[in-house]
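So you can see what is in the structure, the chains are spelled out below.
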Amino acid sequence: MAKAGVGERLRRKEDERFLYGRGQYVSDIALPGMLHAVFLRSPHAHARIKSTRKPRGREARVFFAADLEGVKPIRSSPNFPGFKGADFPVLAVGKVRYAGEAVAMAVAESPAAAEDLLRDIEVEYEPLDAVMDMKRAVEPGSPRVHDEWTDNVFCEMRFDVGDFEAATKAAKHVVTRECRMNRQTPMPLEGRACLASHDRRTDEVTVYVSTQVPVPAQIGLSSFLGISQRRLRVISPDVGGAFGLKTFLDGETVAVTWAALHLGRPVRWIQDRYEHLVCDANCRDHWYRITGYANAEGKLLGIDCEAWCDTGAYSPWPWPAGIEAGTAPSNMQGPYDVQAVRARAMTVASNKPPVQPYRGVARPGVCFAHETLMDALALAVGCEPHEIRLRNLVRPEQMPYRTVSKKLLDSGDYPEAMRRAVQMIDVTAVRARQRRGEPDGRRIGLGFAAFYEQTAYGTGPFGYSAWGIELVPGLEPATARLTGDGELVVDVGVHSHGQGHETIFAQIASEILGIDPEKVTLRYGDTSISTAGTGTYTSRSTVSGGGAVATACKQLKAPIARIGAHLLQAKDSEVEVRDGRVFGPKGSVSFAEIGRAWYHHPEELPPNVDPQGLTAVAGYKAVDGGVFSYSAHGVVVAVDTDTGAVEILDYVIVEDCGRMVNPLLVEGQIIGGLAGGIGNALLEESVYDERGQPLSATLADYHVPGASSIPDVRIAHMETPSPFSEFGMKGVGESGAIGPPAAIANAVNDALCPLGAEILETPMTPKRVLAAIRAARERR
Amino acid sequence: MKPAGFDYARPGSLDEALRLLGDNAGRGRLLAGGQSLGPMLNLRLATPELVIDIGRLRELQRVETTDGALVIGAGVCHADIEDGRVPDAAGGMLRRVAAGIAYRAVRNRGTIGGSLAHADPAADWPPVMIALGAELDIASARGRRRIPAADFATGVLATVLEPDEMIEAIRIPRAANAPRWGHYKIAAKPGDFAESLAVVVIHKNGAVAQAVLAGRSQVPIVLSETGRAIAGIRAWSSDQHAAIATGLDADLAQHGVDAQFSPEDRAIHLACVSRAAREAIAS
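Rules behind the numbers
Residues numbered from 1 in each chain as written. Chains lettered and ligands numbered in written order. Predicted model: local features only at pLDDT ≥ 70, side-chain atom pairs only at ≥ 80, totals over all residues. Helix = DSSP H or I, 4+ residues; strand = E, 2+ residues; numbered from the N terminus. Rg over C-alpha atoms; globule rule 2.2 N^0.38 Å. Buried ≥ 20, exposed ≤ 12 C-beta atoms within 10 Å, placed from the backbone. Contact = placed C-beta atoms within 7 Å. Pairing = 2+ DSSP bridges. Axes fitted to C-alpha atoms, helices over the stretch in contact; angles between N-to-C directions. Nonpolar A, V, L, I, M, F, W, Y, C, P; charged D, E, K, R; others polar.

**Describing the overall build of chain B**
In terms of regular secondary structure, chain B is built from ten helices and 14 strands. Whereas a compact globule of 283 residues would reach a radius of gyration of roughly 19 Å, chain B reaches 19 Å, a difference of no more than 12%. Overall, the C-alpha framework of chain B stretches about 60 × 45 × 35 Å when taken along its three principal axes. Here chain B holds 283 residues, and 48% of them are scored as buried. A separation of at least 24 residues holds for 62% of the contacts in chain B among residues at least 6 apart in sequence.

Structure below.
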């Protein structure tokens, strides 16, 4: 095999080890003398800790907060106006504020023995009323999550852009919807995990962490443990899925690292599924009230929106409380040409785990809100849902388009994506089928969702820098090194946990250097390999990490060409680097011969050779506002009005993520995202009782879609390059997950429309569907 | 999620297993396929001192067809039934039910006796065995007894088994003509525990119908009134659905469970029972 560059449908290099179960995860790594840590977790959602007692004779193996000398609470306080801080204690101090909060750590020779220790720890609690509903949480007289606060509001943000008053005055149609996206948990196969070990020779603490963000994890551990960054090495080996869950630094990793230093022995913690379902029930939990003001034809003039997020008890690091609701206002207009947006974003504390972004910071919720609004508007105007979208989508001739919230949509043909989705799903045929009726009595519904995906954004004035948060993305490094046998080692700061970077970055190197991707090794997930870069999240890695790889490979061309020219006895200007060789006027030399000359036979090098050699260090700075992928989803469902069951009959996705490095992997990202989105739409919910007890603590109660829940989605690509990125690439990591809740809700509501029923809450479980039908019947 | 320490024994014969169970009554737990006990051990919801592994006992793997009954050893796994390695005395229903239990890896190990003894209200086998009029052979070192499947479970995860007893076999009556049957399961996704599970069995040319309902929130109950309504139905129409609804409401009231159901719970159960009935009538 030779060159397989950008655009090739190359199969993943990493698949063999994953499919044969040969990946190496934290739980596959064991060190001599290793101890196992487990955590005692609060059985109460809200309680005061009255007293604690360690098991007699085993006091040295059990730790409460007061024992963790030198450890600081995790602090994540952004510059949001009026933001109230809420330190996230590594182990609970004074109070517990959600069921599952870590209260004590026990270490022993095996996880089972450590769990035995937990049984003998005594903690006396004084249970308090729990704050479980964000609307009631802001009422006077509500119990308070944090005693020192005057209410339960982390922060309230207001947003007002464009001439909103003019929009409301000119409006002929005013439609309002309230929608709720309930709490759930991201569902990686591998839970969180860490293993810390102190090397006395180097005085370095090596911490294996299942994380998306190795360098930020190093920085955070340094801050909260109070030890220098130079003494910390974070290794993130194979990570079995992350989806945003593994961007935050958990207290368990801080405590385990402290224990390894304190005890002088390696300590490992592997989160189990119970802990995952209880402690990491930490995403979504949004509520919206959205009002659209439109002219007679349904052209949106303005949007008014309340965006609430029940963000749990603490502000996590590095993504603080507030970014979920705070992300909503500037995205409420969606991919539509709307000139006025007014919004209020409320971030409310409760006795639940702290909310983290999950496959799209607030994106699926925002899309759910603006897309159910579009269907409501279509109903009011009396036109097809796709028609109302075509009237409002930003048009290609407007590109690049500055939204009213100052985002710069870089390129694309949004209406064309919708038209293709309409064609693929065959709206005419679906409407005819609806009129015919089904032999089994089910009702057919058709739904669409259109949205953009803001990817790979930089430090920008409307980005994270203005918010003063701890992790501002933007720069990303890469190092490319030609080896002595003419092959390539590439080091990057972004992490790969399902994205297939080992394949696509090799393709990018192949595109530039013509080298066979099989001869490229990608190294990542180790702060001693890549000392900078903020990791993989917000659909940034292909653009930023890949951009850095391209830049490094381009830089590497120069020394390769110069040495090659010398070996060919040609001028620098006469040679060309391609297909893994250097070609001159008379013949060529291979990369292997060039590598051999540099590493083994410097006497063959040109006398003025650059001693920097065959290593290129480069970086990539993403454009501030990022590059915008976009998509149109179309879905046909059958709703069983007797059982409330929703079956997906057809699903189409038109996707434009700019230039695709590997369409096969783009489709993999979309299909995987769709699976998560279907779970979001129909199945997944972290349920609590009114006292804050988690009721979805096992996989028998928390329903994750299986293979049979995922339809044979049909994907069509558009490929509009971004003017702002290498090769015109855009990110695509979140897109598949953003659209499904909205599209499926619209389809369900299309099916229920003749009954006068509407459901605007995820997941759309059979009981919710039946309740919506009953409510409609009772209204009549 | 690691079990508390326990002793482990793997007896070589049923007699030895019964003796061990008898000697450790109240302290020992039987492990067959481990598909329920395994997670319970890991969650420390079960902390037996002794785990008695009966997964390899040949006496529990036997399948016999007698004049009056099909006798399935308690240790037969769901996959053996699903794949037809066990004769189906219920005209195909056993295979259908087995195929809907969890997913294949669970069916390869999980056993019919284990499922019945665990008595999860949402499990697949208990309502089926009640509807078929099956009996359970119960064994202990003290002796044997036989009880109707309908009398076996006493509540959620609770049965009439004494601490020294185990299910040895399940006896499903065989008639000259296999019964007509209907089976409907409503679950969050295929293979999940049932929100609602209804089994309808019609005997004797439609003169007698047995209907049983189970689900996550409902231990199996026999729907007598519903059964009577079904027995009278010759062909399906929307009137029949209404008759079943009336019967079901009477049954739920009679069992005293009507108040615990929301309108949506009732609607789901009604749809489930109605569909099972419709299938049985049409078969």
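Here the narrative resumes, following the displayed structure.
**Concerning the sheet that holds strand β10 (residues 204-209) of chain A**
Residues and elements named next belong to chain A. Here we have seven strands laid out as an open sheet, ordered β3-β5-β1-β12-β9-β10-β11, and mixed in their pairing. In the strand order of this sheet, the two ends are held by β3 (62-63) and β11 (232-235), each with one partner. As paired elements, strand β1 (residues 35-41) and strand β5 (residues 102-108) share six bridges and run antiparallel to each other. In the strand pairing of β5, Arg41 is matched with Ala102. Its contacts with the sheet put helix α6 (residues 251-263) on β1, β3, β5, β9 (193-199), β10 and β12 (267-270), and the angle it makes with β9 is roughly 25°.

**Remarks on the environment of His386 of chain A**
Residue and element names in this part refer to chain A. By secondary structure assignment, the location of His386 is in helix α10 (residues 385-392). A residue is classified by how many C-beta atoms lie within 10 Å of it, and His386, with 22 of them, is buried. It is 28 Å that separates the C-alpha atoms of His386 and Tyr358, two residues lying 28 residues apart in sequence. Excluding residues within four positions of it along the chain, His386 makes contact with Met418, Val422, Val427 and Phe448.

**What to know about the interface of chain A and chain B**
On the chain B side, the residues contacting the 22 residues of chain A number 16 residues. Looking at the side of chain A that touches chain B, the elements that each hand over two or more residues are α2 (111-119), α7 (273-279) and α19 (766-779) of chain A. Here the side of chain A that touches chain B takes five residues from α19 of chain A, the largest share from any one element. Residues of the side of chain A that touches chain B, tallied by class, amount to nine nonpolar, six polar and seven charged.

**Structural notes on the pairing of strand β6 (residues 135-140) of chain B**
All names here are of chain B. Alignment of β6 against strand β7 (residues 143-148), held across six bridges, turns out to be antiparallel. Looking at β7, one finds that Ile138 is bridged to Arg145. Note: β6 against strand β10 (residues 166-173), five bridges, orientation antiparallel. In the sheet register, Glu135 faces β10, and the bridge partner there is Arg171.

**Digging into unusual backbone geometry**
All names here are of chain A. Pro318 follows Trp317 through a cis peptide bond whose omega is 0°. Inspection of the secondary structure assignment puts Pro318 in the loop between β14 (300-312) and α8 (323-327). The omega torsion across Met399 and Pro400 is -10°, close enough to zero to call that bond cis. Mapping Pro400 onto the fold places it in the loop between α10 and β16 (401-402). The backbone of Arg284 shows a phi angle near 65°, a positive value even though the residue is not glycine. Its place among the elements puts Arg284 in strand β13 (residues 283-294). Not every positive phi belongs to a glycine, and Gln569 is a case in point at roughly 55°. Counting through the fold element by element, Gln569 comes out in the loop between α14 (541-568) and β22 (576-578).

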